[in-house]
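Breakdown of the fold
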Amino acid sequence: MPASRRSHSLTRIFQQAAGKKHIVASQTPLIAIVAASFLDRIEFVETIDAALDRDPDRWRVSPGNLAKGIVLLPFIHSGPRLPILNVSECYQGMDMELLFTSEVRPEWLTRDALACMLDGLSAAGCEHLFTSLALRVYTAFNIPLYPVLHGEATPISLYGVYGEVEGSPLSAPAASREERRRDPVTVTLGQACDPRGIPLITTVHGGDEADSAWSADVIRILAELNPFPRTDVTAIADPKLATAQNIRTLQKKGFRFVTRCPASFGKKVAARVTRAAYEADAWIPVGSCRDTGEDTLEACDVQEFAKATDDGVSCRFLVFRDNCQRHKFEADLAKKREEFVAVLKEVAGREFVREPDARQALEEARKRLRRYSPWEADLAIETAVTGKDSRAAGWAIRAGDPQLQQEVYLAELHRAESFVLMTNVSGEDLPAREVLCLYTGQKVVRDNFSVIRRPAMVDTLYLEKPGRIAALGTLLSATLLIQMVIRVLVRRNLDALPEPPGLDHGCKPLIRPGLKKILRFIGYYSIITTGGERRFWCISSSHEKNLEIWLRLLELDKGR
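Below you will find a few notes about this structure.

The rules behind each value
Residues numbered from 1 in each chain as written. Predicted model: local features only at pLDDT ≥ 70, side-chain atom pairs only at ≥ 80, totals over all residues. Heavy atoms only, no water. Salt bridge = Lys/Arg side-chain N within 4 Å of Asp/Glu carboxyl O. Helix = DSSP H or I, 4+ residues; strand = E, 2+ residues; numbered from the N terminus. Buried < 20%, exposed > 50% of the residue type's maximum accessible area, 1.4 Å probe, protein only. Pairing = 2+ DSSP bridges. Axes fitted to C-alpha atoms, helices over the stretch in contact; angles between N-to-C directions. Contact = heavy atoms within 4.5 Å. Parallel < 35°, antiparallel > 145°, perpendicular 65-115°, else oblique. Disulfide = S-S within 2.5 Å. Phe/Tyr/Trp six-rings, centres within 6.5 Å; stacked < 30°, edge-to-face > 60°. Lys NZ or Arg CZ within 6 Å of the ring centre and 35° of its normal. Arc of directions from axis to C-beta.

Summed over all chains, the structure comprises 20 salt bridges. As a salt-bridge pair, E97 and R534 come within 3.2 Å of each other at their nearest N and O atoms. You can see E97 sitting in the loop between α6 (87-90) and α7 (111-123) and its partner R534 sitting in strand β19 (residues 533-538), a full 437 residues away along the chain. Under the relative-accessibility criterion, E97 is labelled exposed at 62%. Salt-bridge contacts for D119 lead to R468; the nearest nitrogen and oxygen are separated by 2.8 Å. Highlighted residues: D119 in helix α7 and R468 in helix α18 (residues 466-496), separated in sequence by 349 residues. Classification of R468 by relative accessible area gives buried; the value is 7%. Three or more residues are tied together by salt bridges with common partners; here these are D95, E97 and R534.

Right, let's get into the sheet that holds β19. The strand order across the open sheet formed by three strands is β1-β18-β19, and the pairing between neighbours is antiparallel. Sheet topology places β1 (25-29) and β19 at the edges, where each strand pairs with a single neighbour. Each strand of the sheet is rotated relative to its neighbour by a mean of 25°, with strand direction disregarded. Bridge analysis of strand β18 (residues 525-530) against β19 gives six bridges, and the strand direction is antiparallel. Residue pairing for β19: I527 is matched across the bridge by F536. Those strands touched by helix α2 (residues 30-41) are β1, β18 and β19, and its axis lies near 65° from that of β1.

What follows deals with the packing of helix α4 (residues 63-71) against α7. Running from N to C, α4 and α7 point in directions that differ by 105°, and their axes come no closer than 10 Å. Of the possible angle classes, the one that applies to α4 and α7 is roughly perpendicular. Across from P63, L66, A67 and I70 in α4, the residues of α7 making contact are A113, L114, M117 and L118.

Here the focus is the environment of H150. Summarising the element assignment, H150 is placed in strand β3 (residues 148-159). Residue H150 is classed as buried on the basis of its relative accessible area of 2%. Along the sequence, H150 and P199 sit 49 residues apart, while their C-alpha atoms lie 9.0 Å from each other.

Bringing the state of the cysteines into the picture now. The tally for this structure, following the rule as stated, stands at zero disulfides. Just so you know, C324 is unpaired, no disulfide at all, and the nearest cysteine sulfur is the one on C300, 8.7 Å from it.

Another aspect to go through is the environment of E364. With respect to the helices and strands, E364 occurs in helix α14 (residues 355-369). For E364, a relative accessible area of 44% puts it in the partly exposed group.

The subject of this paragraph is the packing of aromatic side chains. In this structure the tally under the stated criterion is eight aromatic pairs. Aromatic side chains F320 and F419 sit 5.5 Å apart centroid to centroid with 20° between the ring planes, which places their arrangement in the stacked category. Of this pair, F320 sits in strand β10 (residues 314-322) while F419 sits in strand β16 (residues 418-423), and the two are 99 residues apart along the sequence. On the basis of relative accessibility, which here comes to 0%, the residue F320 falls in the buried class. Aromatic pair F329 and Y409: ring centres 6.0 Å apart, planes at 40°, arrangement tilted. Taken together, the positions of F329 in helix α13 (residues 323-347) and Y409 in helix α15 (residues 406-417) put the pair 80 residues apart, joining distant regions of the chain. By relative accessible area, which is 12% here, F329 ends up buried. Joined through ring pairs, the aromatic side chains of F521, Y524 and W550 make up one cluster. Between R337 and the ring centre of W375, over which it is positioned, the NZ or CZ distance is 5.5 Å.

Each full turn of the α-helix corresponds to 3.6 residues, which orients residues three or four apart in the same direction. What helix α3 (residues 44-51) keeps buried is the set F44, V45, T47 and I48. Down the axis of α3, the buried side of the element spans an arc of 165°, and every buried residue falls inside it. On the buried face of α3, the contacting elements are α2, α4, α7, α8 (126-140) and α18.

Written as structure tokens, this is what we have:
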């Protein structure tokens, strides 16, 4: 259609619309309604309201509903950055009755009220409040509680204009106002999660604090947590936890632990036991342990050593040799040789008129070839006849055949294929294969942080006090808690079906979907509210028929 005709048609449409009664409709994402329902099932609002004092003269919305307003934001806004600049704007055009149990209007979600709520949440002990809410998930959704906790930390980037606040873990860089607006500020969110990725403990620290600081906090809160007997709890920790002080604290509190032994721990005890394992060459196969992030099976061998370090820590040290990594190393080694030979052919035989030029080229060639360790070759410069007159001599680079440096090869192979885990649990209670399987489960928890890592655009009012930052991080952890529950329910109910339904793209069976895929599919659906009437709407006609199945997978009939 020509531009003039299209413009005329639009003008006529606008004129017709102006003369008719306007219809006001709201569109609320189904995923936000699901999240709100799940928060209600664990009594999120009631718990926050009971813990915080409410000032009716300052707040028109209860503290619990203000907190709920922040927790629901990631379910409403799916962009690359999470906007926490003006919460009220994010709820414009939403059917608030579907998200909040009491009357809440978008304009009541003011920045001052939210800042006061964050202050109150911090003062009430946001870390313990989070744990009490997280534990309710197991009874509310009939999820078994396993006494295994994975410790992990992840950075969260906050964007905004940050003022210098004395004592705040977030101090603005000494830069111009424009530069501070662009540069992110990072905090570290430490968590302890169950094997399904459901977080039970959360802590917030400044991004420049040592990793052992959040580990110590997690241990402290873990010691105060009492969902099961102490002797049954096994903490699967990031290597950053493994300081002598943290290990001694875990043992003193009566907790079992499994962690990867850092290279520097116990005056390099990992290197000593690894060397002893290869010298003894008494490897014991432990079969295959499924890497939960892959479809392959990895076969490992193990040797065990019981040692007391100079720091007074007595542990089992298990040296694992990963056969999959060995095969990968050998394949990379063959590829390196091919590249090494190609470089040799390029540099060998080059002739130079001046000896200094030849020596410079020789040094450059040696530097290039060092990249292909453990392969080496003898390089030298020799005189070369450049013409019929034997007196006209030049210089050339000569290269020997590729040679494998045996000692370097073995050192690199051992480093690539082996790793050391340490634990205080006896072999009778926790065999080597179970130790390995528990530790490889750490990858599941690490992957769960992919959603919460989204950078956030934050109102500077929320960052003026360290307590507000901690409370904000706790609420973002509550978002992750609900996301993990959604994934657990969907997967559990999919597994219970006689065959997987065709919910995937192209009506393909949906099998063990990840969180991102689940959120994307549920994100196709919304509820349209017009004149008090509500109806479902789907952005994709091919997925419209799947709505009933998704509601069943999410167990919404057991909700509010």
